[in-house]
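Here is how the chains run, residue by residue.
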Amino acid sequence: MESKKILIITYYWPPAGGPGVQRWLKFVKYLPDFGWNPTVFIPENPSYPIVDETLQNEVSKDLEIIRTRIWEPYQIAELFGKDNKKFKAGQFDVGKNQTWKSRLSIWVRGNFFIPDARVFWVKPSAKFLKKYLKENHFDAVVTTGPPHSVHLIGLELKKEFSNLKWIADFRDPWTEISYYKHLKLTKSSDKKHRDLEEQVFKTADITLATSYTDSENFRKKGANAVCITNGFDREAKIEAKIEAKNFTISYVGVLEQLRNPEVLWKVLNDIIAENPDFENDFELKFVGRVDDKILSEIENSALKNSLSNLGYLSHSKANAEMQDSDLLLITNFPDESSKGIIPGKIFEYLATGKPILSFGPEDSDVKRILSETHAGKHFSYQDATSLKEFILNQYQNWQSGSSASDIKNIEKFSRKNLTEKLSQILEK
């Protein structure tokens, strides 16, 4: 049987690093196994916040990749201050940490670049792809955001090719994401964001969500929404690990101010003050990008002697650091509206078999996954007493060498199984 053809439009692609690139890098890897031949459309000159050259080794030499140039205004934003580099990754200062330059930059970002600063890629890409699609047959097209500007390309293509199946993949929500309310939007800008989001939901043949709650919310807004979570790749390369000598809590990924688990830092400081053995044995490890304000807070506490900040590592080395940890930390935005966010890193955490310490809103999708897999425990940002008890229990297990895991039901989150689910949706 001849393979069907699918065009994937994405901003993030190797050498981009971080979680945003992993989802479709893995779908593209496994789609041919299920009868779909992918082609990828990306910017020629993107401004990626994180680069991981090793991920290019995972791109098949036979994959057709199409590129067009993009203009991004982030260089202008960075003139207002180096902290504005965070915009590239959808981060910015909040509350008392905001300077007037930061406030101005946030206002400009929210009101002038709708839906985001990659909007200048939309018109030239739509023009190029309309011509390309007239000359090349495809059975389906995928747009994956953020940046949600990419979905506007899909919207333009659907107007021209009404019979072409369009899948709008939302790795994060648009107007429901936690930082949306911090964008200092005017009423007219807010309306424009919401109108564009509604157009995408109601025009796309299928809307993919990465969490159960997001798919429900998207359906309420008129989308034909289906949940396909992120996952882990059993075939992914992992660097040789070196056994850790300390009781190690690791955070792998990007940690910004809106997801800062201040209650954890307080509890760890309390345990150190009360337990000299814990202080001698403990290591707090960061692998990735951690906000400077969070690092400053930790370095000005008793935790500074336990801190190991490794910075950004390649994907395979980051996985090795997970394997060498005793407790893996994951955080979410604290408000109830964020309960549907499932950070992609949790699935690679699951694959290690190590216990997971999670923070976020009550009754979140992450809590549901941890409960179904017996992989760890989820806490609110106020639950210091139970948190302290949990950490001390994990430490005692480490001391006694009895840290056996009873994790289960995780194979449904393998990238290959998730791609099979995607192929079944595409066939409908």
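Structure: see above.
Within each chain, residue numbers correspond to sequence positions counted from 1 in written order. Given that this is a predicted model, residues contribute local features only at a pLDDT of at least 70 and side-chain atom pairs are listed and counted only at 80 or more, while totals for whole chains, interfaces and linings are drawn from all residues. Note that water and hydrogens are dropped before the side-chain values are worked out from all heavy atoms of the structure.

The next point concerns the overall build of the protein chain. Regarding its fold elements, the protein chain presents 15 helices and 13 strands. The buried share among the 428 residues of the protein chain stands at 56%. The contacts in the protein chain between residues at least 6 apart in sequence include a share of 76% that link residues at least 24 apart. Accessibility throughout is a Shrake-Rupley quantity obtained with a 1.4 Å probe, and a residue counts as covered only by protein chains that appear here. Carbon and sulfur atoms provide 49% of the accessible area of the protein chain, an area that totals close to 18,800 Å². Strands are runs of DSSP state E lasting at least 2 residues, helices are runs of H or I lasting at least 4, and numbering of each runs from the N terminus. Throughout, exposure labels follow a simple rule: accessible area from a 1.4 Å probe, protein chains only, divided by the maximum for the residue type, with under 20% read as buried, over 50% as exposed, and the rest as partly exposed. Contacts are residue-level and defined by heavy atoms, with any inter-residue pair within 4.5 Å sufficient.

Reading across the sheet, the seven strands line up as S3-S2-S1-S4-S5-S6-S7 and stay open at both edges, with parallel pairing between neighbours. Because the sheet does not close on itself, it has two edges, and the strands there are strand S3 (64-68) and strand S7 (225-227). If you compare each strand with its neighbour and ignore which way they point, the axes differ by 25 degrees on average. Pairing between two strands is assigned when DSSP locates at least 2 bridges connecting them. Relative to S7, strand S6 (residues 206-209) runs parallel, the two being bridged by three bridges. Among the inter-strand pairings, Ala 209 is bridged to a residue of S7, identified as Cys 227. Running at roughly 175 degrees to S7, helix H7 (residues 212-220) makes contact with strand S5 (165-170), S6 and S7 of the sheet. Axes here mean lines fitted to C-alpha atoms, for a helix over just the part in contact, with angles spanning 0 to 180 degrees between N-to-C directions.

The topology assignment puts Gly 288 in the loop between strand S9 (282-287) and helix H10 (292-299). The spatial distance from the C-alpha of Gly 288 to the C-alpha of Tyr 312 is 4.0 Å, given a sequence separation of 24 residues. Discounting residues that sit within four places of it in the chain, Gly 288 has contacts with Gly 253, Asn 309, Gly 311 and Tyr 312.

In this description, a nonpolar core means a group of buried Ala, Val, Leu, Ile, Met, Phe, Trp, Tyr and Cys residues linked to one another through side-chain atoms lying within 4.5 Å. Formed by 61 residues in total, the largest nonpolar core has its most connected members in Leu 7, Ile 9 and Trp 13. Of all the elements, helix H5 (residues 149-160) adds the most residues to this core, at five residues. Counting residues in each nonpolar core, the second largest holds 30 residues, with Phe 247, Leu 295, Phe 379 and Phe 390 among its members.

What follows is about the packing of aromatic side chains. Stacked, tilted and edge-to-face are the three classes applied to pairs of Phe, Tyr and Trp rings, where Trp contributes its six-membered ring and a pair requires centres within 6.5 Å; stacked means planes under 30 degrees apart, edge-to-face means over 60, and tilted covers the rest. All chains considered together, the criterion is met by 25 aromatic pairs. Ring centres of Phe 41 and Trp 121 lie 5.1 Å apart, and the angle between their planes is 10 degrees; this geometry places the pair in the stacked category. Of this pair, Phe 41 sits in strand S2 (residues 36-43) while Trp 121 sits in the loop between helix H3 (100-112) and helix H4 (122-135), and the two are 80 residues apart along the sequence. With a relative accessible area of 0%, Phe 41 lands in the buried category. Ring centres of Trp 71 and Phe 120 lie 4.9 Å apart, and the angle between their planes is 75 degrees; this geometry places the pair in the edge-to-face category. Remark: Phe 120 occurs in the loop between H3 and H4 and Trp 71 occurs in the loop between S3 and helix H2 (74-79); sequence separation between them is 49 residues.

Packing of helix H12 (residues 345-352) against helix H13 (residues 365-373) leaves a shortest axis separation of 12 Å and a crossing angle of 15 degrees. In terms of their interaxial angle, H12 and H13 are classed as roughly parallel. Considering how the two elements wind past one another, H12 and H13 form a crossing that is right-handed. Between H12 and H13, the contacting residues are Ile 346, Phe 347 and Leu 350 on the first element and Val 366, Ile 369, Leu 370 and Thr 373 on the second. By definition in this entry, angles of less than 35 degrees are roughly parallel, angles greater than 145 are roughly antiparallel, angles of 65 to 115 are roughly perpendicular, and the rest are oblique. A crossing counts as left-handed when the near helix is turned anticlockwise from the far one by less than a right angle, and as right-handed when that turn is clockwise.

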